[in-house]
Amino acid sequence: MRFGIIGAGPIGSNIAKKLVENGHDVKIADARGIERLEGKKLSGTPVIVGDVIKNIDVLITSIPFHALPSIRNIIDKVGEEVVIVDTSNYYPQLSGKIEEVENGMVESVWVSKQLGKSIIKAFNNFLAYTLEHHGTPEGTNGRIAIAVAGDDLSHKQIIMGVANDLGFDSVDSGSLNDSWRQQPGTPAYCTELTKEELSIALTKANKEKAPILRDKVMEKLYSTGGSFSIQDVVKANREIFNS
């Protein structure tokens, strides 16, 4: 398949690496300019952002949540047949508060409105470290799973197949309006679960409590002075639902 990726951070660059390893064609761009990619060790072909959307089957946006409106002019030119996947998460501590989201709009619904396109929400509920190091062959016992939400079933199935290529099982987590179940502050977020565990975790999510629990996890991690490991992040996300 042919992929375009906007964003060369830990998630975008690791997805690119694994896709290339699996024989896919990958272009990668930085929305702020191709010069931002200079000196980075990247898989795939670095291109300007205007070219990343040309002749592709799937576009993955992997930039900060609050920056997504800035690429609307690029997304407007994406073909209707292209599957658009967003990996972002809303953290007001990092991006500032967004009124619509604070007032209850589902984060991925907000993204879809900003981009003016139907999107698939995926690759947002696990850590970049997990993506890079913990992918395993299909059928492996204890294989980690990701949640995939969206309104187009065929597009979701494509992305679930991509997840399998990257080394992960997947769970259909419902429509885009249901995607809050895999966002920060829910039992499915950065708890690195198996397919069976993730299916259960998605049902246990509480929309009203999610922002509160999200902030509690952040406070707990920040209280360490920044000296926390990947294992600490997973532990903090798991423990907050059992406290």
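Our structure's up above, just so we're on the same page.
Just so we're clear, the structure is a prediction, and the values are computed from it rather than from any experiment. Chains are numbered independently. Their residues run from 1 in the order of the written sequence. For this predicted model, a pLDDT threshold of at least 70 governs which residues receive local features, and a threshold of 80 or more governs which side-chain atom pairs are given and counted, while totals over whole chains, interfaces and linings are taken from all residues. With hydrogens and water stripped out, all remaining heavy atoms of the structure feed into the side-chain values.

**Student:** If you had to explain the side chain of Thr61 to someone new, which residues and values would you point to?
**Tutor:** Within the secondary structure layout, Thr61 lies in strand β4 (residues 58-61). Here Thr61 is in contact with Ile6, Leu68, Ile71, Ile75, Val85, Asp86 and Thr87, once residues within four sequence places are set aside. Helix numbers and strand numbers start at the N terminus; a helix is a DSSP run of H or I with at least 4 residues, a strand a run of E with at least 2. The contact criterion used throughout is that any non-hydrogen atoms of two residues lie within 4.5 Å.

**Student:** Could you give an account of the layout of surface pockets, with specific residues and numbers?
**Tutor:** Every definition here rests on a 1 Å grid over the protein atoms only: cavities are sets of points where a 1.4 Å probe fits but cannot get out, pockets are open sets enclosed by protein on both sides within 12 Å along at least five of seven lines, and lining residues have some atom within 4 Å of a point. Grid points are joined across faces, edges and corners, and a volume is the space filled by probe spheres set on the points. Put simply, the largest pocket is a space of about 1000 Å³. Among the secondary structure elements, those contributing two or more residues to the lining of the largest pocket are α1 (10-21), α3 (92-95), α9 (210-222) and α10 (230-239). Here the lining of the largest pocket takes six residues from α9, the largest share from any one element. For this classification, Asp, Glu, Lys and Arg are treated as charged, while Ala, Val, Leu, Ile, Met, Phe, Trp, Tyr, Cys and Pro are nonpolar and the rest, including Gly, are polar. Across the lining of the largest pocket, the residue classes break down as 26 nonpolar, 12 polar and four charged. Contributing elements (two or more residues each) for the lining of the second largest pocket: α8 (195-203) and α9. Classifying every residue of the lining of the second largest pocket gives nine nonpolar, five polar and five charged.

**Student:** Account for the nonpolar core, naming residues and giving values.
**Tutor:** Side-chain atoms within 4.5 Å are what join buried Ala, Val, Leu, Ile, Met, Phe, Trp, Tyr and Cys residues into a set we call a nonpolar core. Throughout this description, buried means an accessible area under 20% of the type-specific maximum (1.4 Å probe, protein chains only), exposed means over 50%, and partly exposed covers the range between. In terms of nonpolar packing, the biggest core is built from 29 residues, with Ile6, Val52 and Leu59 touching the most fellow members. Ranked by residue count, the leading element in this core is helix α5 (residues 107-115), at four residues. Excluding its chain neighbours within four sequence positions, the residues that come into contact with Val52 are Gly4, Ile5, Ile6, Lys27, Ile28, Ala29, Val47 and Leu59. Counting residues in hydrophobic clusters, the runner-up holds 27 residues, among them Ile28, Val85, Ala122 and Phe126.

**Student:** Break down the packing of α9 against α10 for me, citing the residues and quoting the values.
**Tutor:** Two elements in contact, α9 and α10, have axes separated by 10 Å at closest approach and are oriented at 140°. In this view, α9 runs oblique relative to α10, as classed from their interaxial angle. The handedness of the crossing between α9 and α10 comes out as right-handed. Along its contact with α9, which presents Val217, Lys220 and Leu221, the element α10 presents Asp232, Val233, Ala236, Asn237 and Glu239. Looking at the contact of α9 with α10, its residues break down into four nonpolar, one polar and three charged. Convention adopted: a line fitted to C-alpha atoms gives each axis, helices being fitted over their contacting stretch, and angles between N-to-C directions are expressed from 0 to 180 degrees. Each angle receives one of four descriptions, namely roughly parallel if under 35 degrees, roughly antiparallel if over 145, roughly perpendicular if within 65 to 115, and oblique otherwise. A crossing counts as left-handed when the near helix is turned anticlockwise from the far one by less than a right angle, and as right-handed when that turn is clockwise.

**Student:** Can you tell me about α1, naming the residues and giving the values?
**Tutor:** The span expected for a helix works out to 1.5 Å for each residue beyond the first. Spanning 12 residues, α1 covers 17 Å between terminal C-alpha atoms, matching the ideal 16 Å at 1.5 Å per step. The set of residues buried in α1 consists of Ile11, Gly12, Ser13, Asn14, Ile15, Ala16, Lys18 and Leu19. Summarising the contacts, the buried residues of α1 are in contact with β1 (2-6), β2 (25-29), β4, α6 (128-133) and α7 (153-166). Looking at the residues trailing α1, positive phi occurs at Gly23, about 85°.

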